[in-house]
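Each chain is listed here by its residues.
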Amino acid sequence: SAVISQKPSRDICQRGTSLTIQCQVDSQVTMMFWYRQQPGQSLTLIATANQGSEATYESGFVIDKFPISRPNLTFSTLTVSNMSPEDSSIYLCSVAQSYNEQFFGPGTRLTVL
Amino acid sequence: ILNVEQSPQSLHVQEGDSTNFTCSFPSSNFYALHWYRWETAKSPEALFVMTLNGDEKKKGRISATLNTKEGYSYLYIKGSQPEDSATYLCAPTDSWGKLQFGAGTQVVVTP
């Protein structure tokens, strides 16, 4: 299994600001994903981070709000833009070599005031 | 989008007791079912990936069964221990391979 780290582990941010979350993997992986879990809700897929091209977003998520970068096969960033309290969530990155198994990072706990 | 339901939402178990809970999902267009354990402040940990109807998987005191025809999976914990306290998530995938998570069952094991 891959070792995944995320930065920051938690943050408290003001409304209207943006936060960039980093995800680093210790080996090259084919697929990287970004999820969020709002309080009391399921883990929800935001987008698939594609190396060298634009991310693929799920229904209800847009690039302007959640820009994603993936410059190589071991690193990705997710930015939460123009934050509001509704963006308070746990944000997780995950990686996979196939759709049979995904490994998750430790998550970033975001609180927006 | 797959409609995934997990029940109960939470349960309290006495140490040493066994327990089980359910994940239900649409049986059409099924590809695989994943179970994860998510402890507070840690990464979700993959427990099982199940694909075949009638599949049974076991990892220590935890086991799972799968019924793809009726669209449900059970997860069992035998002789619960405090370290089993976590939220257990199931996530079926369709042919596109994306995980669709349920809301989870939160298990609290008390000594």
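In what follows, the structure referred to is the one given above.
Being a predicted model, the structure only gives us computed values, none of them experimental. (Residues numbered from 1 in each chain as written. Chains lettered and ligands numbered in written order. Predicted model: local features only at pLDDT ≥ 70, side-chain atom pairs only at ≥ 80, totals over all residues. Heavy atoms only, no water.)

A.B. asks: Hey, could you run me through the pattern of salt bridges in this one?
C.D. replies: As a working rule, side chains carrying opposite charge can pair if their charged atoms are close by. All names here are of chain B. Counted by the stated rule, this structure contains 6 salt bridges over all chains. One salt bridge in this structure joins Asp84 and Arg61, with 2.7 Å as the shortest N-O distance. You can see Asp84 sitting in the loop between β8 (72-77) and β9 (86-93) and its partner Arg61 sitting in the loop between β6 (56-59) and β7 (62-67), a full 23 residues away along the chain. Residue classification places Asp84 among the buried positions, given a relative accessible area of 2%. A relative accessible area of 32% places Arg61 in the partly exposed class. Bridged by salt links that share partners, the residues Arg37, Glu45 and Lys59 form one connected network. (Salt bridge = Lys/Arg side-chain N within 4 Å of Asp/Glu carboxyl O. Helix = DSSP H or I, 4+ residues; strand = E, 2+ residues; numbered from the N terminus. Buried < 20%, exposed > 50% of the residue type's maximum accessible area, 1.4 Å probe, protein only.)

A.B. asks: Please explain unusual backbone geometry as it appears in this structure.
C.D. replies: Backbone phi values are negative for most residues with the exception of glycine, while trans is the configuration of most peptide bonds. For the bond from Lys7 of chain A to Pro8 of chain A, the omega torsion is -10°, close enough to zero to count as cis. In this structure, Asn82 of chain A takes a positive phi of about 45° despite not being glycine. Positionally, Asn82 of chain A belongs in the loop between β8 (75-80) and β9 (89-98). Look at Asn82 of chain A and you get exposed, because its relative accessible area is 54%. You will see that Ala41 of chain B, though not glycine, has its phi angle at about 70°, which is positive. Here Ala41 of chain B is to be found in the loop between β4 (32-38) and β5 (45-50). Residue classification places Ala41 of chain B among the exposed positions, given a relative accessible area of 59%.

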